[in-house]
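Read off the chains here:
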Amino acid sequence: MESAEPIIRLEGLGKEFNTSNGPIRALDDINLSIEHGEIFGIIGLSGAGKSTLVRCINYLEVPTAGKVYFENKSLSSLKDKDLRQVRQSMGMIFQQFNLLAQRNVLQNVCFPLEIAKTPKKEAEKRAKDLLKIVGLEDRAKAYPSQLSGGQKQRVAIARALATNPKILLCDEATSALDPNTTKSILNLLKDINKTMGVTVVVITHEMAVIEAICDRVAIIDQSHIAEVGNVAEIFSEPKSKIGRQLILGNATDKAPLFGKSRQIRISFDGRSSFEPVLANMILSCKVPVNIIHAETKDIKGTAMGQMVIQLPEDETDQNRVLKYLETKKIPHEEVQDDVI
């Protein structure tokens, strides 16, 4: 039976670094719980403290205050041997892959197993199985310099899974990748979470990554947790200033102005009734719209009718919505506010 205790619990966590200009507080009074089997996101701007936080979770950085609990064991109370064992339960992947250039793909995946003194044949079998999971079984003898960025990250994921970790810590794992490769890596992480039951912690500065993969998210700002909750709730109603900034871009504390701005008629001419066209558009564009008129109906799973929406006055926001409608081939036309 799965433990009711969180897999990770942080209590009053703090971290200070001593510098020539005096101490710098990177984390202050962080309280978080991460549940078994979830995909948990930690998001913040550069310098907010998120990378320090992930390094405190696996004790690569020793906190200066508070406690880190892994499966209800305080890491500060563990002997070195036990701490090494806990670290084997925490795989980690990085933005820059950190592969060993002189080793081929198979040898890179075997590396943590060598450190764990796993017999060579057993280690190679495990590595081959993992390369199959990440879709690189045919590149076992290739070297990192012969791989694309996405392939390197897949090798790094396989290596992180080598010791059968219970949790996978991903520190800006997709920041160096193009959008299509990012999508494939996020899908791989989702599959690993689902099929292997590995808890995944995603550290990122990109809200789109959180939206694509996470169940819950904590927003960190200036060394503090600004808010934490289900992704859907935080996306629909961010309570913190930094949350609004990350989700709505520059539209932080100002309510969007509509006034007499442009109106667009969207036609529903046979798309699936189960496709949330408006919600997808708002989430993708990070732009609110005002519904002026709606007349739609479901006919055997097909959406028919029309909807008139008003765009915000901000021209950049307007262009973002129009570009989205065009790209998604959603029929639309501009209408005057006195013609519905």
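Bear in mind that the values here come from a model prediction, so they are computed numbers and not experimental data. (Residues numbered from 1 in each chain as written. Predicted model: local features only at pLDDT ≥ 70, side-chain atom pairs only at ≥ 80, totals over all residues. Heavy atoms only, no water.)

So, the domain arrangement of the protein chain
Reports of interface size often rely on the accessible area that becomes lost once the parts have come together.
Line of reasoning, step 1. Here the domain parsing of the protein chain yields domain 1 (8-248) and domain 2 (263-335).
Line of reasoning, step 2. For domain 1 and domain 2, the distance between their C-alpha centres works out to 37 Å. (Domains from an automatic or database assignment.)

Examining the nonpolar core
Note on soluble globular proteins: their nonpolar side chains tend to be buried together.
Line of reasoning, step 1. Of all hydrophobic cores here, the largest spans 51 residues; its most connected members are I93, L131, I157, L168, L189 and I213.
Line of reasoning, step 2. Top contributing element to this core by residue count: helix α5 (residues 149-161), with 6 residues.
Line of reasoning, step 3. Among residues more than four places away in sequence, those in contact with I93 are Q153, A156, I157, A160, L169, C170, D171, A173 and L189.
Line of reasoning, step 4. Within the second largest apolar cluster, 30 residues are counted, among which are I7, L13, C56 and A218. (Core = buried A, V, L, I, M, F, W, Y, C linked by side-chain atoms within 4.5 Å. Buried < 20%, exposed > 50% of the residue type's maximum accessible area, 1.4 Å probe, protein only. Helix = DSSP H or I, 4+ residues; strand = E, 2+ residues; numbered from the N terminus. Contact = heavy atoms within 4.5 Å.)

Observations regarding the packing of helix α3 (residues 105-115) against helix α4 (residues 120-133)
When two helices pack together, their arrangement is captured by the angle between the axes and the distance separating the axes.
Line of reasoning, step 1. As a packed pair, α3 and α4 sit with axes 9 Å apart at the nearest point and diverge in direction by 120°. Classified by the angle between their axes, α3 and α4 sit oblique to one another. Where α3 crosses over α4, the two elements pack in a sense that is right-handed. On α4, the residues touching V105, L106, V109, C110 and L113 of α3 are A123, E124, R126, A127, K128, L130 and L131. (Axes fitted to C-alpha atoms, helices over the stretch in contact; angles between N-to-C directions. Parallel < 35°, antiparallel > 145°, perpendicular 65-115°, else oblique. Left-handed = near helix turned anticlockwise from the far one by under 90°.)

A few points about the environment of V155
Line of reasoning, step 1. By the secondary structure assignment, V155 is in helix α5.
Line of reasoning, step 2. As for V155 and L106, which are separated by 49 residues in sequence, their C-alpha atoms are 8.6 Å apart.
Line of reasoning, step 3. Leaving out residues up to four positions away in the same chain, V155 has contacts with L99, V105, N108, V109, L136 and L147.

Quick look at the UniProt feature "domain: ABC transporter" (unreviewed entry) in the protein chain
Line of reasoning, step 1. Listed under "domain: ABC transporter" (unreviewed entry) in the UniProt record, and renumbered for this structure, are residues 8-247.
Line of reasoning, step 2. Strand forms 28% of residues 8-247 and helix 39%; the C-alpha atoms that close the span are 26 Å apart. (UniProt positions renumbered as here; feature names shortened; annotations may be inferred.)

A few points about the sheet that holds strand β8 (residues 199-204)
Line of reasoning, step 1. One open sheet holds the 6 strands; their spatial order is β6-β7-β8-β3-β9-β10, and the pairing between them is mixed. With partners counted over all chains shown, the strands left at the sheet margins are β6 (90-94) and β10 (224-230), one partner each. The mean inter-strand angle of the sheet, taken between neighbouring strand axes irrespective of direction, is 15°.
Line of reasoning, step 2. Along the sheet, α5 contacts β6 and β7 (167-171); its crossing angle with β6, the most-contacted strand, is approximately 165°. (Pairing = 2+ DSSP bridges.)

Describing the environment of I299
Line of reasoning, step 1. Locating I299 in the fold gives a position in strand β12 (residues 290-299).
Line of reasoning, step 2. By relative accessible area, I299 is classed as partly exposed at 43%.
Line of reasoning, step 3. For the pair I299 and G12, spaced 287 residues apart in the sequence, the C-alpha separation amounts to 55 Å.

Observations regarding the packing of aromatic side chains
Line of reasoning, step 1. This model, assessed by the stated rule, comprises 0 aromatic pairs.
Line of reasoning, step 2. The cationic tip of R9 hangs over the ring face of Y69; the distance from NZ or CZ to the ring centre is 4.1 Å.
Line of reasoning, step 3. A cation sits over an aromatic face here: K15 above F17, 5.1 Å from the ring centre. (Phe/Tyr/Trp six-rings, centres within 6.5 Å; stacked < 30°, edge-to-face > 60°. Lys NZ or Arg CZ within 6 Å of the ring centre and 35° of its normal.)

With respect to the state of the cysteines
Two cysteines form a disulfide when their sulfur atoms are joined by a covalent bond.
Line of reasoning, step 1. Counted according to the given criterion, the structure contains 0 disulfides.
Line of reasoning, step 2. Not engaged in a disulfide, the cysteine C214 finds its nearest cysteine sulfur in C170; these two sulfurs lie 9.2 Å apart.
Line of reasoning, step 3. Owing to a relative accessible area of 9%, C214 belongs among the buried residues under this scheme. (Disulfide = S-S within 2.5 Å.)

Remarks on the packing of α5 against helix α6 (residues 179-196)
Line of reasoning, step 1. Relative to each other, α5 and α6 sit at 20°, their axes nearing to 10 Å. With respect to their mutual orientation, α5 and α6 come out roughly parallel. For the crossing formed where α5 meets α6, the hand is right-handed. For the pair α5 and α6, contact is made by G150, Q153, R154, I157 and L161 and by T181, S184, I185, L188, L189, I192 and M196, respectively.

Some thoughts on the sheet that holds strand β5 (residues 73-74)
Line of reasoning, step 1. Pairing in this open sheet of 4 strands is antiparallel, and the strands run β2-β1-β4-β5 from one edge to the other. Looking along the sheet, the strands with just one partner apiece sit at the ends: β2 (22-34) and β5.
Line of reasoning, step 2. Of the strand pairs in this sheet, strand β1 (residues 8-19) and β2 are connected by 9 bridges, and their pairing is antiparallel. Within the sheet, the bridge partner assigned to L13 lies in β2 and is I30.
Line of reasoning, step 3. Sitting on the sheet, helix α1 (residues 50-57) touches β1, β2 and β4 (65-70), and the angle it makes with β1 is about 120°.

With respect to α3
Line of reasoning, step 1. Buried within α3 we find V105, L106, N108, V109, C110, P112 and L113.
Line of reasoning, step 2. Where the residues of α3 are buried, they touch α4 and α5.
Line of reasoning, step 3. Its side-chain oxygen at 3.2 Å from the backbone nitrogen of L106, N104 defines the N-terminal cap of α3.
Line of reasoning, step 4. Of the residues one or two after α3, K117 is the one with positive phi, at around 60°. (Polar contact = N/O pair within 3.5 Å; in protein donor to acceptor, adjacent residues only side chain to side chain.)

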